[in-house]
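Here are the chains, one letter per residue:
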Amino acid sequence: MARGRLRVYLGAAPGVGKTYAMLEEGQRLASAGADVIVGFVEPHGRRPTAALAEGLEVVPRHTMEYRGATFTEMDLDAVLARRPQVALVDELAHTNVPGSRHAKRWQDVEELLDAGIDVVTTLNVQHLESLGDVVRQITGVPQRETLPDEVARRADQIELVDLPPELLRRRMLHGEIYPSDRIEAALTHYFRLGNLTALRELALLWLADRVEEGLQRYRAEHGITAPWETRERIMVALTGGPEGDTLIRRAARVTARNPGSELLALHVVPSDGLVRGDQAALAAQGALVESLGGSYHQTTGDDIPEALLQFAEAESVTQIVLGASRRGRFSTFLRGGVGHRTIQRSGPIDVLVVTHERAAGSSPALRLPHPTRATGPRRFWTAMLLAAVALPVLTFLLVLLGERVDLALALVLYLLAVVVIALVGGLVPALLAALAAGLLADYYFTPPLHSLRVEHFADVLALLVYVVTAVLVGMAAGTAARRTYQAVRASSEATALSRLATAMMHGEDLPTLLEQVREDFGLDSVSLLERDTGHAAEPRWYVVASTGADPPERPYDADAESPAGGSLTLAARGRPLSGDDQRVLGVCAAQLGMAYSQGRLAAHDAESGLRADAEHTRATLLLTASRELRGPLRAAGEALTGLRKPLSDPEQDGLLDTARSSVRHAARLVSDLDALSRLHVGALDLYLRPVDLDDVVTAVLDDLGPGGRTIRCSLPEQLPYVITDAAVLTRVLTALAAEAQRHSPPERTALLTAEARPGFVEIRLTDGSEGSTPGTRPGRTVHGLTLRMSRDLVETMGGTLEPGASGTGFEVRLMLPAAAPRTAATARAAT
């Protein structure tokens, strides 16, 4: 019997629509004539999902008893006996109730597939066994129900059901995923925006790997060996030499520029088994590759280019990174280097040859120090220009003086010029000037004139002494100029670092610190970037802070970069930086990284404090709610108990009214608790605008129903509009009016009044007592869930709410921001 086909709908989190998509596919197959049954579907109370299952045959579930409770599971035997073409089975990673035939639902599905039944199922990415540690690190929640990856890999078709995290949170807020009592906890814990984004990326990456596996199988089945550039694969060739770290980092930067690309490293081992490279260095380089998200490999071969290309073709490599040859020109001429031979045979594979310090002809021992490093480029070229102008001019003047100038005077004056040039530009311009002045003195002032020949030994000695003296004086002057330049630069560096440290001590924010760095180095823009270390195979960078025009968003978009500690990098755009500037920039980057880390620690401490406050508030609210609910529930219970006795109609009506009133009161308390919970998690949207208080009061009286006719309302003419959310204010006033009615004695009715204050409108609700003075006694707090809900909502809208002390009565005063006065107001007094 042919094995059935498995189709999996994969999602990043609950609520993305996996079950809905599975039922849609079932309806589509059924409409096409297929025999489809529902083996197990869990709609979780979502009406659209449950409605979509209508019309499909549902196999009754199997009922089981476990530890005194009743559970239902998919009836595997009934599905096998029914033998449909397609079975819809929800939650592939589900753990069955102990006592079932199989411990896991995926094992039930395997039996259905072996029986030739096609199965359509659902799965969340967090249930994959290989991702358990990653998911726990992201969400902080260990996954108890896991599924071996191999089960999902064997699926004939995997389809991703995806929703943006913002839309998923909105669905949660609207109660489309979890019931209302679980919304707050879900939004503040598992369903945080960062968690959902990370889980979404995990699902996309895992599915991308499965697509890649399918592509590789197709290429192997059809004998396709040429690389398909569906994704970039960068391979770096390692020899164990000291240049390996440079090549790996260069290849990693190339990989980072191509999202979705893969980094590989390969070392070719000779077939004779003799060690050619430093094994300790190879081990360290392999660890570096893996830390950058790549993989390290070894292969055997005597012809290195051929071994490299064979491995590259087998792994569909698109680019090979090689180091420049360390062999000399003669050796390379006799037998071409590895890079040259690899390029000749590479075909469609690109080869990138990277230079390094150990490449032939680039040994630092053979290099002269840069002539501008001692005093800086500007002073160096100024000294060269001074030598080119001063020496000819001085020679011309001395020639004009004729016989009055002898060799000794000329040499003294030339020596003075050399000293001045040395003080300006350092050693190299002084040496060049000394040699040039010696030749000029020989040509113009040493017999025979206008010739470089010297006839007298004394003149030869004088010229030699002059040259030696000029060189020594030039070296001394150049050293002094270099030390002066270094001292000035060290002072400026210390000033810049001191300014940055002072700004950090004063608590300046990161953009201000980055702006200071930008100004100190004369750059166009600076960014502090953070790498997402959880996805090293495909690095992603986030801008922590930036300043300037068009700041870089990735390190390889910058003209200069420097690590800032951990996963942070300081990237800059602007003028080229010298080695000294780059060094100081590295120190600034380290300080900025420290400032960012300290800020995160402070923010974490603050967040912990806010969480503790939120937990305390939540506990207080629950305690208050339980205390206040106890009274109306007891009254409703007593009323319902009294209905069991033989009563007259008026007595029954009275008890029913009491029960209804108590239930309404309890429902209002639950609604207030829900509003407070939504407010404290930031899930309550407000629309603040100018509102006519007359309209709000009318809506309040309507919401109170028949009881609203017993409230006296007094609003003056030309009362200003209030800046508020009309719906929220209506809810607050309705709740407070109901409380005022509940506290009013039989002989009085609740009173609602309003009065204009400078910049505010005052609204008062009392139990009908006249002449009470609003305010609070010292130390008095707001008691009651309704008052707590009303106060928090009013404060969120920019107002204040204060309970009053009117004997033992009820009094509340609201102050709301006022807008423009009404253009056509009416006085209203109703009873």
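Everything below is about the structure printed above this text.
Residues numbered from 1 in each chain as written. Predicted model: local features only at pLDDT ≥ 70, side-chain atom pairs only at ≥ 80, totals over all residues. Heavy atoms only, no water.

A. How the structure looks around a nonpolar patch on the surface. On the surface, L385, V389, V393, F396, L397 and L400 cluster together to form a nonpolar patch covering roughly 590 Å² of accessible area. Tracing the backbone through its elements, the reader meets V389 in helix α15 (residues 377-401). Note on V389: relative accessible area 46%, which makes it partly exposed. (Patch = residues over 30% accessible without salt bridge, like charges linked within 9 Å, V, L, I, M, F, W, Y side chains within 5 Å. Areas by Shrake-Rupley, 256 points an atom, 1.4 Å probe, with all protein chains shown as cover. Salt bridge = Lys/Arg side-chain N within 4 Å of Asp/Glu carboxyl O. Helix = DSSP H or I, 4+ residues; strand = E, 2+ residues; numbered from the N terminus. Buried < 20%, exposed > 50% of the residue type's maximum accessible area, 1.4 Å probe, protein only.)

B. Geometry of unusual backbone geometry. The backbone of R67 sits at a positive phi, close to 55 degrees, despite the residue not being glycine. For R67, the position within the fold is in the loop between β4 (62-66) and β5 (69-73). For R67, a relative accessible area of 75% corresponds to the exposed category. With a phi angle near 55 degrees, E91 is a residue other than glycine that sits in the positive phi range. A residue is classified by how much of its surface remains accessible, and E91, at 26% relative accessible area, is partly exposed.

C. Just the pattern of salt bridges, in detail. This structure, assessed with the given rule, holds 25 salt bridges. The closest approach of N and O atoms between E25 and R7, which form a salt bridge, is 2.9 Å. Pair noted here: E25 is in helix α1 (residues 18-31) and R7 is in strand β1 (residues 6-11), with a separation of 18 residues, a long-range link. Judged by relative accessible area, E25 falls into the buried class, the value being 9%. Classification of R7 as buried rests on a relative accessible area of 16%. Between R813 and E802 there is a salt bridge, with its nearest N and O atoms 2.7 Å apart. With R813 in strand β24 (residues 811-821) and E802 in strand β23 (residues 800-803), the pair connects residues that are 11 residues apart, well separated along the chain. Residue class for E802 comes out partly exposed when judged on its relative accessible area of 28%.

Bear in mind that shape data such as this cannot, by itself, settle questions of function.
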